[in-house]
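Close look at the chain arrangement
For reference, the chains in residue letters:
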Amino acid sequence: MNGAKMPEKISPEVKKLWIKIRSAWSFRQAAFSNTLTLLSPKESNLLYDVVKLTLFKNSIGAIIKEHPELREILKNDEDRACMYAIYDTLSWKLNRREDPPKDMKLEVNTKSRIGRTYKF
């Protein structure tokens, strides 16, 4: 998205953040929320740039095919769900949002009532 190309490998800093946040997510919601809240702006942006790559994909296979560097941290559907939860929190914290692909917008708008569009 936005023409930015991810590096071939996930940086050690991102791996460390992922492990910390993923374990908090497995523990309980309050720990997860507090861990994300305490991230610095730099750490938040680093993590956001990784988790946004998982959006609008139908499966882990589709994510890995498009971004093989995520294979190191994306192992199962629970990891994927955690990434969505991270995105929800960080998009609000950083005031950043990713627009869905045009074909997805068209599909949602086609299913909505005539004259109304769904706002992402």
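Refer to the structure printed above.
Per-chain numbering applies: the sequence of each chain, read as written, is numbered from 1 onward. Thresholds applied to this predicted model are a pLDDT of at least 70 for local features of residues and 80 or more for the giving and counting of side-chain atom pairs; totals over whole chains, interfaces and linings are not thresholded and use all residues. The side-chain numbers reported here are obtained from all heavy atoms of the structure, hydrogens and water having been left aside.

**Concerning the overall build of the protein chain**
For the record, the criterion: Secondary structure elements follow DSSP: runs of H or I no shorter than four residues count as helices, runs of E no shorter than two count as strands, and numbering proceeds from the N terminus. Each residue is placed in one exposure class: buried if its accessible area under a 1.4 Å probe, protein chains only, is under 20% of its type's maximum, exposed if it is over 50%, and partly exposed if it falls in between. In this description, contact between two residues means that some pair of their heavy atoms is separated by no more than 4.5 Å.
Scanning the protein chain from terminus to terminus reveals six helices and zero strands. Of the regular secondary structure in the protein chain, the N- to C-terminal order runs α-α-α-α-α-α. Across the 120 residues in the protein chain, those meeting the buried criterion constitute 35%. Residue pairs at least 24 apart in sequence account for 62% of intrachain contacts in the protein chain once pairs closer than 6 positions are excluded.

**What to know about the packing of helix H1 (residues 12-27) against helix H2 (residues 29-37)**
Filter applied, for reference: Think of each axis as a best-fit line through the C-alpha atoms, taken over the contacting stretch in the case of a helix, with angles from 0 to 180 degrees between the N-to-C directions. Any angle from 65 to 115 degrees is called roughly perpendicular, while one under 35 is roughly parallel, one over 145 is roughly antiparallel, and all others are oblique. Throughout, the ten residues Ala, Val, Leu, Ile, Met, Phe, Trp, Tyr, Cys and Pro are labelled nonpolar, Asp, Glu, Lys and Arg are labelled charged, and all others, Gly among them, are labelled polar.
Put simply, H1 and H2 touch, their axes get as near as 6 Å, and they point 150° apart. The orientation of H1 with respect to H2, classified from their angle, is roughly antiparallel. Between H1 and H2, the contacting residues are Lys20, Ile21, Ala24, Trp25 and Phe27 on the first element and Ala31, Phe32, Thr35 and Leu36 on the second. A breakdown of the residues in the contact of H1 with H2 according to their chemical character gives seven nonpolar, one polar and one charged.

**A look at helix H3 (residues 41-51)**
Just so we agree on the cut-off: As used here, the arc is the angular range of directions from the helix axis to the C-beta atoms.
Burial in H3 covers these residues: Ser44, Leu47, Tyr48, Val50 and Val51. The buried residues of H3 occupy an angular sector of 160° when projected down its axis, which confines them to one face. Away from its buried face by more than 90 degrees, H3 exposes Pro41 and Lys42. Among the structural elements, H1, H2 and helix H5 (77-94) are those in contact with the buried residues of H3.

**Details of unusual backbone geometry**
Of note in this structure, Phe56 is not a glycine but carries a positive phi near 60°. Note on placement: Phe56 falls in the loop between H3 and helix H4 (60-66). For Phe56, a relative accessible area of 27% corresponds to the partly exposed category. Here the phi dihedral of Asn95 falls at roughly 55°; this positive angle occurs in a residue that is not glycine. Checked against the element boundaries, Asn95 lands in the loop between H5 and helix H6 (102-111).

Honestly, that's just the spatial picture; any functional story needs more than this.
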